[in-house]
Amino acid sequence: MQAQMLAPGAVLVAWSLVVLLWMAAVRLPAMAKIADQVKGAKRGGRGQDLEGVIPDKVNWKAHNYSHLMEQPTLFYATIVILAILAPSPLAILLAWIYVGLRIVHSVWQATVNIVAVRFLLFITSTLALIALAVMALIATLGAPS
């Protein structure tokens, strides 16, 4: 059951790499179109420096990639704890729910990006993560010394 607990994490890692490639595929051509505008820009610029410079719809992929580097780090730690101590069928189901919602959130944010729907997807996935975190906390506090 440990591999089953870790599989959703592996899928989310793979999805994050897909989003990275998607971001590069749309962002690099958009940056090439404005190359003359950014000549002489300060060295060491960051992605957020492109806000308002390249189209918002292009930046949405970068925004989502950043989101995939944020809260999911808690998910990865939580599923490792559960895989080691207490992988239950409910925990596995919640992990898949979290990953499914994060993938839907990604596609939504990168294409449609209506914030109210995106927020609902985020909150719902967060509830799944909270449940997983509580399960991990119970497993660690109840584990024999």
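Below is a short write-up of the structure. As the structure is a prediction and not an experimental result, all values here were calculated from the model.

Looking at the overall build of the chain
Point 1. Per the secondary structure count, the chain includes 6 helices and 0 strands.
Point 2. The order of α-helices and β-strands along the chain, N terminus first, is α-α-α-α-α-α.
Point 3. Among the 145 residues that make up the chain, the fraction classed as buried is 34%.
Point 4. Partitioning the intrachain contacts of the chain with sequence separation of at least 6 by distance along the chain shows that 81% fall at a separation of at least 24.
Point 5. If you sum the accessible surface of the chain, you get close to 8400 Å²; carbon and sulfur atoms cover 72% of it.

Brief notes about the packing of helix H4 (residues 72-85) against helix H5 (residues 89-111)
Point 1. The geometry of H4 relative to H5 is characterised by a closest axis approach of 11 Å and an angle of 160° between their N-to-C directions. By the angle between their directions, the pair H4 and H5 is classed as roughly antiparallel. You can see that H4 and H5 cross each other, and the crossing is left-handed. The segment H4 lies against H5, with Pro72, Phe75, Ile79 and Leu82 engaging Ala91, Ala95, Tyr98, Val99 and Arg102.
Point 2. Taken together, the residues of the contact of H4 with H5 break down into 8 nonpolar, no polar and 1 charged.

What to know about the packing of aromatic side chains
Point 1. This model, assessed by the stated rule, comprises 2 aromatic pairs.
Point 2. Summarising the aromatic geometry, the rings of Phe75 and Tyr98 are spaced 4.6 Å apart at their centres and angled 20° between planes, so their arrangement reads as stacked. With Phe75 in helix H4 and Tyr98 in helix H5, this residue pair connects regions lying 23 residues apart in the sequence.
Point 3. On the basis of relative accessibility, which here comes to 0%, the residue Phe75 falls in the buried class.
Point 4. Judged by its relative accessible area of 0%, Tyr98 falls in the buried class.
Point 5. Among the aromatic residues, ring-to-ring pairing joins Phe75, Tyr76 and Tyr98 into one connected group.

So, a nonpolar patch on the surface
Point 1. On the surface, Val115, Phe119, Ile123, Leu127, Ile130, Val134 and Ile138 cluster together into a nonpolar patch covering about 660 Å² of accessible area.
Point 2. Mapped onto the secondary structure, Leu127 falls in helix H6 (residues 115-141).
Point 3. According to the relative accessible area criterion, Leu127 is exposed, its value standing at 52%.

Observations concerning H6
Point 1. Between its terminal C-alpha atoms H6 stretches 38 Å, which fits the 39 Å expected from 27 residues at 1.5 Å a residue.
Point 2. Taken residue by residue, H6 has Arg118, Leu121, Ser125, Thr126, Ala128, Leu129, Leu132, Ala136 and Ala139 as its buried positions.
Point 3. Residues of H6 that are buried in the fold lie against helix H1 (2-33), helix H3 (56-68), H4 and H5.

Concerning the environment of Phe75
Point 1. For the pair Phe75 and Ala95, spaced 20 residues apart in sequence, the C-alpha to C-alpha distance is 8.2 Å.
Point 2. Aside from chain neighbours lying at most four places away, what touches Phe75 is Pro8, Gly9, Leu12, Ala95, Tyr98, Val99, Leu129 and Leu132.

Let's talk about the side chain of Gln71
Point 1. If you trace the backbone, Gln71 turns up in the loop between H3 and H4.
Point 2. At a separation of 3.0 Å, a polar atom in the side chain of Gln71 contacts the side chain of Tyr98.
Point 3. Apart from the residues within four sequence positions on either side, Gln71 is in contact with Tyr98, Arg102, Phe122, Ser125, Thr126 and Leu129.

Details of H4
Spacing of three or four residues puts side chains on the same side of an α-helix, whose turn is 3.6 residues.
Point 1. If you check H4, its first and last C-alpha atoms are 20 Å apart, about what 14 residues at 1.5 Å a residue would give, namely 20 Å.
Point 2. Every buried residue of H4 is listed here: Pro72, Phe75, Thr78, Ile79, Leu82 and Ala83. Along the axis of H4, the buried residues cluster in a sector spanning 135°; they form a single face. Exposed side chains of H4 directed beyond 90 degrees from the buried face belong to Leu74 and Ile84.
Point 3. Where H4 is buried, its residues contact H1, H3, H5 and H6.

Rules of the game
Sequence order sets the numbering: in each chain, residues are counted from 1 along the sequence as written. Under the rules for a predicted model, residues below a pLDDT of 70 receive no local features and side-chain atom pairs below 80 are neither given nor counted, while totals for whole chains, interfaces and linings still include all residues. With hydrogens and water excluded, all non-hydrogen atoms of the structure serve as input to the side-chain values. Helix numbering and strand numbering both begin at the N terminus, where a helix is a DSSP run of H or I of at least 4 residues and a strand a DSSP run of E of at least 2. Accessible area is worked out with a 1.4 Å probe on protein chains only. A residue is then buried under 20% of its type maximum, exposed over 50%, and partly exposed in between. Note on contacts: a residue pair is in contact if any heavy atoms of the two residues lie within 4.5 Å. Note on areas: Shrake-Rupley with a 1.4 Å probe; residue coverage comes only from the protein chains shown. Axes here mean lines fitted to C-alpha atoms, for a helix over just the part in contact, with angles spanning 0 to 180 degrees between N-to-C directions. By definition in this entry, angles of less than 35 degrees are roughly parallel, angles greater than 145 are roughly antiparallel, angles of 65 to 115 are roughly perpendicular, and the rest are oblique. Each crossing is labelled by how the near helix is turned from the far one, with a counterclockwise turn of less than a right angle marking it left-handed and a clockwise turn marking it right-handed. Note on residue classes: Ala, Val, Leu, Ile, Met, Phe, Trp, Tyr, Cys and Pro are nonpolar, Asp, Glu, Lys and Arg are charged, and everything else, Gly too, is polar. The aromatic pairing rule takes the rings of Phe, Tyr and Trp, using the six-membered ring of Trp, and pairs them if the centres are within 6.5 Å, calling planes under 30 degrees apart stacked, those over 60 edge-to-face and the rest tilted. What goes into a patch is any residue over 30% in relative accessible area without a salt bridge, connected to like charges within 9 Å or, for nonpolar side chains (Val, Leu, Ile, Met, Phe, Trp, Tyr), within 5 Å. For this document, the term salt bridge refers to a Lys or Arg side-chain nitrogen within 4 Å of an Asp or Glu carboxyl oxygen. To estimate how far a helix should reach, multiply one less than its number of residues by 1.5 Å. Think of a polar contact as two N or O atoms within 3.5 Å of one another; within protein, one of them needs to be a possible hydrogen donor and the other a possible acceptor, and neighboring residues in sequence only count if both atoms come from side chains. To be clear, the arc concerns the directions from the helix axis to the C-beta atoms.

Treat this as a map of the structure, not an account of what it does.
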